[in-house]
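Chain by chain, the residues:
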Amino acid sequence: MAWLQQSDYFDPDSLDMPVIGIAAEMGQHDSGFHQHDMGQLLFTQRGCIKITLANQISVLPPSRVAWIPPRTRHRAEMRGSVGYRSIYLNSNYLKSFEMESLSTQSAILEATQLLQALLERIAISSFDSDWYQGKGVNLLVLFFDEIREARREPTLLPLPSDRRLAHLSFDQLPSPLHILATYIGASEKTITRIFQRETGMNYQQWRQQWRLVKAIELLAQNKTLSYVAQELGFANDSAFVTFFRKVMGRPPREYMAGSKR
């Protein structure tokens, strides 16, 4: 494991290791778009990480972990104090644990308390740890069992690529459909077709997904329910909580606390 300074450059591909863990205390930071040959599990002990992939965006609070497959172009942004952790995994090594399915598609996973403890243990393990036998391999067997059972989260927001929608921002609540149509000079039907083709959902569904992902980011920053509801255009706290519970199966504060399993 390497404790890094925020300004340090680190290239996991330069090390011939099956498993690599790193940790850093981050303030405001932007990794810029990059990629590596190793797969990456990215998580945080506190704060929130914004992740941008080629055509998706998501946020990562402490009770969630992102899987970024090998050679996937991505960017990580942090705006406040973040306890950054990364685990890099060699794709050939993954095959020895029958984890090929993990290596093909990006995902946000729910991290139980056990999985969080395993992530931290591996992330701070020494670079010279033996991952092929003994304690190291036993730790990974339990770790990958937890990864297989982890619930996949519906918090990867697909991004449209049509140039007319390039102004859409993750920082500002997208306009209702009729206002967006006036703004970009396209009909509501045209916009609906674009979103259906490029994101797999209509504009209203996409806008609701945007609200969900943004809500998680604001909650991870310890914003109040009233603040989040107002920022995301809900009539009141109750309307926001009802929306969140319907999509995620639990109220916002319970969701952010994570699973106790």
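Please read all numbers here as calculations on a predicted model, not as lab measurements.

A. Here's a closer look at empty space enclosed by the protein. Within this structure, the stated rule accounts for 2 cavities of 30 Å³ or more. Its volume calculated, the largest cavity comes out at about 60 Å³. In this structure, the largest cavity is lined by Phe43, Thr44, Gln45, Pro62, Arg64, Val65, Ala111, Gln116 and Leu119. Of all the elements in the fold, those that place two or more residues in the lining of the largest cavity are strand S4 (39–44), strand S7 (64–68) and helix H2 (113–123). Here the lining of the largest cavity is composed, by residue class, of 5 nonpolar, 3 polar and 1 charged. Its boundaries defined by the atoms lining it, the second largest cavity holds a volume of some 30 Å³. Lining the second largest cavity are Ile51, Leu53, Ala66, Trp67, Ile68, Ser106, Ala107, Ile108 and Leu156. At the level of elements, strand S5 (49–53), S7 and strand S10 (107–110) are the ones that each hand at least two residues to the lining of the second largest cavity. With 3 residues, the single largest contributor to the lining of the second largest cavity is S7. Here the lining of the second largest cavity is built from residues that sort into 8 nonpolar, 1 polar and no charged.

B. Broad picture of helix H4 (residues 177–184). The complete set of buried residues in H4 reads Leu180, Ala181 and Ile184. End-on view of H4: buried residues confined to an arc of 105°, all on one side of the axis. Set apart from the buried face of H4 by more than 90 degrees, the exposed residues are Thr182 and Tyr183. Buried positions along H4 lie against helix H5 (188–199) and helix H6 (203–220).

C. Broad picture of the sheet that holds strand S11 (residues 157–158). Strand order across the open sheet formed by 5 strands is S3-S8-S5-S6-S11, with antiparallel pairing between neighbours. Each edge of the sheet is formed by a strand with only one pairing partner; in this case those strands are strand S3 (29–30) and S11.

D. Geometry of the side chain of Gln40. As for its placement among the helices and strands, Gln40 is situated in strand S4. Contacts of Gln40, omitting those with residues within four sequence positions, involve Ala66, Trp67, Ile68, His74, Tyr84, Ser86, Ile87 and Tyr88.

E. Quick look at the packing of aromatic side chains. This structure, assessed with the given rule, holds 11 aromatic pairs. Both rings, one in Phe240 and one in Phe244, keep their centres 6.0 Å apart while their planes meet at 65°; by these two values the pair is edge-to-face. Of this pair, Phe240 and Phe244 both sit in helix H8 (residues 237–248), 4 residues apart, which is roughly one turn of the helix. Look at Phe244 and you get buried, because its relative accessible area is 0%. Centre to centre, the rings of Phe244 and Tyr255 are 5.4 Å apart; their planes meet at 70°, and the pair counts as edge-to-face. Of this pair, Phe244 sits in helix H8 while Tyr255 sits in helix H9 (residues 252–257), and the two are 11 residues apart along the sequence. On the accessibility criterion, Tyr255 (1% relative accessible area) is buried.

F. The arrangement of the pattern of salt bridges in detail. Scanning the model with the defined rule gives 17 salt bridges in all. For Arg75, the salt bridge is made with Asp30, and the minimal N-O distance between the two is 2.5 Å. Taken together, the positions of Arg75 in strand S8 (residues 74–78) and Asp30 in strand S3 put the pair 45 residues apart, joining distant regions of the chain. When its relative accessible area of 24% is taken as the criterion, Arg75 is described as partly exposed. The exposure class of Asp30 is partly exposed, given its relative accessible area of 38%. Glu110 is paired through a salt bridge with Arg151; the nearest N and O atoms lie 3.5 Å apart. Remark: Arg151 occurs in the loop between helix H3 (134–149) and S11 and Glu110 occurs in strand S10; sequence separation between them is 41 residues. Taking relative accessible area as the criterion, Glu110 reaches 8% and is therefore assigned buried. Of the residues examined, Arg151 reaches a relative accessible area of 33% and is grouped as partly exposed. Where salt bridges share partners, they join Arg64, Glu110, Arg151, Glu153 and Arg250 into one cluster.

Thresholds applied
- Residues numbered from 1 in each chain as written.
- Predicted model: local features only at pLDDT ≥ 70, side-chain atom pairs only at ≥ 80, totals over all residues.
- Heavy atoms only, no water.
- 1 Å grid on protein atoms, 1.4 Å probe; cavity = no way out; pocket = protein on both sides within 12 Å on 5 of 7 lines; lining within 4 Å.
- Points joined across faces, edges and corners; volume = space filled by probe spheres on them.
- Helix = DSSP H or I, 4+ residues; strand = E, 2+ residues; numbered from the N terminus.
- Nonpolar A, V, L, I, M, F, W, Y, C, P; charged D, E, K, R; others polar.
- Buried < 20%, exposed > 50% of the residue type's maximum accessible area, 1.4 Å probe, protein only.
- Arc of directions from axis to C-beta.
- Contact = heavy atoms within 4.5 Å.
- Pairing = 2+ DSSP bridges.
- Phe/Tyr/Trp six-rings, centres within 6.5 Å; stacked < 30°, edge-to-face > 60°.
- Salt bridge = Lys/Arg side-chain N within 4 Å of Asp/Glu carboxyl O.

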